[in-house]
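Understanding the architecture of this molecule
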Amino acid sequence: MAEEQLSLSGDPSCLRICVGSSAADSRATQIFGLFQKAIEQGELKAEVFRTGSFGYCDLEPVVLVEMPGSDARLFANFAPDAVAAHLNDFAKSMGNSSLTSEWPLFNLQKRIALRNCGWIDPEDINHYLVHGKGYTGLSSALKISPPDLIRTSIQAALKGRRGQGCSTQKKWQLFAETADEDKCLICNAVDPDPKSLTSRLLLESDPHSVLEGMLISAYAAGVSRCHLFVAEKANAVHGLRKALDQMKAYNLLGSNILNSQFHSEIEILVLPETGITGHRVELLRCMDENHALPHFLPAQPVSSIFLGKPVLVVNPESMSSLAAVLGDGVDYGKGSKVVTLTGSIAHKGAAEVSHGTTIQNIIDSFGGGVSKGKTIKAVQLGGPSGYFIAPNALNHAIGCNACDESYSNIGSGTIEVLDSDASILNATKDIMAYLQAQSCGKCVFCREGCLQMLTILEDISENKARPHDLDLLVELGEEMRNAGLCDFGRTAPNAVLSSIELFRDEYGK
């Protein structure tokens, strides 16, 4: 049925052209239209698809051409006015392009969660079914008992993944054994890090992989209702709603999914894009009480409550990986992590790397090194609440249990590079200004702590520092870590404390 709906020509000599970019890029839509017109007028023998982003922001729009019997070729930064020139001599144009295997961004990645991003049309379930092996993972899961599924495939999918939603096998088992029939599963796609591309990329470029992972998780945990929390400004909201309609047409939602005894629904809930709702399960009270208030978090997710129901919170990256593990039936070894490269770096964007890859290797191989030939002064891991690390610590590997807290806190996966010209003081001040604005205000230590930290940093930057300001910042930061009500408040001082530890001389004290 899916093959028929795609209306493919069936001609093996046809080129397959993917025009990929983020959802907001109108140039890609224009390029797609021009190729489509050329095909309709007989100027080009090909099939063209408007796909999502590969994750390589600075290369978009990307035109990727798959030729019969050879590797795909890539045209980066493709402009709409270049379509006509390529049509005049497409064979010559192909000869001047690069094979995807020649690009480190392609050949060094271990794409599990991002396996379909850029290769399929995110708004067409048939592309996911045919080209992305869609919902084969769910079909396989329904043949396995929920306890066995948690013990095997879910453990494999979440292996080595840190951050929200990466629950241990024990937590999943406890939740699955909870007798409450109204328990629910929440996939939190509201990222606490504004620079992270992970959730945005998956929801825009491969939404069905996330939705499939949610259904697999719901089956394993005995859940009949799932919620997908999305930021209100996300471009993916329309596409997600369309995806749910398509799933219903294919008997992938509702009752007796795929002719089984499994019943489940998925509802999209749109939330304000704030730092507090992006952290783990602090968003639950925001939804339950219609305002963002943090609360003490229990050790086990079965005690977390949303609308009076026990909940299990997961994230898009883990869900997409789960669909891949069950769909491909492949042992992915140590696993992978999606990282976002930003700051003073040659290639900005998202890439999926194997656990055990060093931070230095990620910066050099995937990011193309520091921009403009400068040197690295510091790297911040995990977004605004992450730590600064020094250049001599870049040989640490991500996803390594032996790493100390500074390196294990990859969190959102953001790796921001600060070059030799950067001011650590100004960077730290900007981070604290963001965190102070995002604080919900309920917790005294977070509300007043962020404000006082920002005030002191501003005084230092304006040469109004007092003799004991740095000691006060350290003392205040330690108190916030110990007394904050939620993850947001407890991690807010990380950038300040790590910057003072590494670059105390830049503070003038």
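Data block above holds the structure.
So, here is what we can say about the structure in this document.

Rules used in this analysis
Residues numbered from 1 in each chain as written. Predicted model: local features only at pLDDT ≥ 70, side-chain atom pairs only at ≥ 80, totals over all residues. Heavy atoms only, no water. Helix = DSSP H or I, 4+ residues; strand = E, 2+ residues; numbered from the N terminus. Buried < 20%, exposed > 50% of the residue type's maximum accessible area, 1.4 Å probe, protein only. Contact = heavy atoms within 4.5 Å. Areas by Shrake-Rupley, 256 points an atom, 1.4 Å probe, with all protein chains shown as cover. Axes fitted to C-alpha atoms, helices over the stretch in contact; angles between N-to-C directions. Parallel < 35°, antiparallel > 145°, perpendicular 65-115°, else oblique. Nonpolar A, V, L, I, M, F, W, Y, C, P; charged D, E, K, R; others polar. Core = buried A, V, L, I, M, F, W, Y, C linked by side-chain atoms within 4.5 Å. Pairing = 2+ DSSP bridges.

1. Points about the overall build of the protein
Across its full length, the protein carries 22 helices and 15 strands. Looking at the 509 residues of the protein, the share that counts as buried comes to 57%. Sequence-distant contacts in the protein: of pairs separated by 6 or more residues, those separated by 24 or more amount to 73%. Carbon and sulfur atoms make up 49% of the accessible area of the protein, which totals about 20,500 Å².

2. Thoughts on the packing of helix α11 (residues 207–221) against helix α15 (residues 316–328)
Packing of α11 against α15 leaves a shortest axis separation of 7 Å and a crossing angle of 80 degrees. Here α11 is positioned roughly perpendicular relative to α15, judged by the angle of their axes. Residue-level inspection shows Ser 209, Val 210, Glu 212, Gly 213, Met 214, Ile 216 and Ser 217 of α11 in contact with α15, the latter providing Pro 316, Met 319, Ser 320, Leu 322, Ala 323 and Leu 326. Of the residues that constitute the contact of α11 with α15, the class distribution is eight nonpolar, four polar and one charged.

3. Overview of the nonpolar core
Formed by 62 residues in total, the largest nonpolar core has its most connected members in Leu 211, Met 214, Leu 228, Met 247 and Ile 266. Of the residues forming this core, the biggest block, nine residues, is contributed by α11. In this structure Ile 266 touches Leu 211, Met 214, Leu 215, Cys 226, Leu 244, Met 247 and Leu 253, once residues within four positions along its chain are discounted.

4. Section: the sheet that holds strand β15 (residues 414–419)
Strand order in the open sheet made by the five strands is β12-β11-β15-β13-β14, with mixed pairing throughout. Among the strands making up the open sheet, the edge pair consists of β12 (349–354) and β14 (387–389). Along the sheet, successive strands turn relative to each other by an average axial angle of 30 degrees, direction set aside. In terms of strand pairing, strand β13 (residues 376–381) meets β15 through five bridges, oriented antiparallel. Counted as the bridge partner of Gln 380 is Glu 416 from β15.

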